[in-house]
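Here is what each chain is made of, one letter per residue.
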Amino acid sequence: MRLHLISIGNKMPHWVGEGYLEYAKRLPNECALNLVEIAPGHRGKSADIHRAVREEGGRMLAAIPKGALVVVLDVIGKPWSTGQLSAHLGDWMRSGRDVALLVGGPEGLCDRCLAVADLRWSLSAMTFPHPLVRVILAEQIYRAWSLLRNHPYHRA
């Protein structure tokens, strides 16, 4: 089973890459985390934002591995505790099916991405900068794995 973090945005600050890699490299092959960066659509004074989001969505959908479970990060999704994420991760690992985690751009995900979602997950009722979401996701997935394996990293 592989986790594919499919996220809008490239050219992230150095600290984002370092933070993400710090946790992604700790994960074993049984639940490896793979980052797929999707170039953002054009945004500017005269930009058609709806078109940009639709185009981003098309690129995201094309990046989802065939047969993968699709989990969208969505503000109106269901919030999960660390224990609940760990339970989901355990289920995903047992299924052997790849999982695609979709993180939209500043305006969120297009309707087509939301329509293919098997699960909707909300990290928080707060709004986080999209670069930070990558780091949070990598850390939380590592924490969920450590809980499954009784690793000392998670001590709640």
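The structure this text deals with has already been given above.
Residues numbered from 1 in each chain as written. Predicted model: local features only at pLDDT ≥ 70, side-chain atom pairs only at ≥ 80, totals over all residues. Heavy atoms only, no water.

Asker: So what's going on with helix H2 (residues 49–63)? Which residues, and what values?
Answerer: Its 15 residues give H2 an end-to-end C-alpha distance of 21 Å, which sits within 8% of 21 Å, the value for a rise of 1.5 Å per residue. Every buried residue of H2 is accounted for by Ala 52, Val 53, Glu 56, Gly 57 and Met 60. What you see down the axis of H2 is that its buried residues fit within an arc of 135 degrees, all on one side. Between the side-chain oxygen of the N-cap and the backbone nitrogen of His 50 there are 3.3 Å, and the N-cap of H2 in question is Asp 48. (Helix = DSSP H or I, 4+ residues; strand = E, 2+ residues; numbered from the N terminus. Expected span 1.5 Å × (residues − 1). Buried < 20%, exposed > 50% of the residue type's maximum accessible area, 1.4 Å probe, protein only. Arc of directions from axis to C-beta. Polar contact = N/O pair within 3.5 Å; in protein donor to acceptor, adjacent residues only side chain to side chain.)

Asker: Outline the pairing of strand S3 (residues 69–79), supporting the account with residue identities and numerical values.
Answerer: Examined bridge by bridge, S3 and strand S4 (residues 99–103) share 4 bridges and lie parallel to one another. Note on S4: the bridge partner recorded for Val 72 is Leu 102. With 5 bridges joining them, S3 and strand S5 (residues 119–122) adopt parallel strand pairing. Its bridge partner lying in S5, Val 71 is registered against Leu 119. (Pairing = 2+ DSSP bridges.)

In short, shape yes, function no, at least from these values alone.
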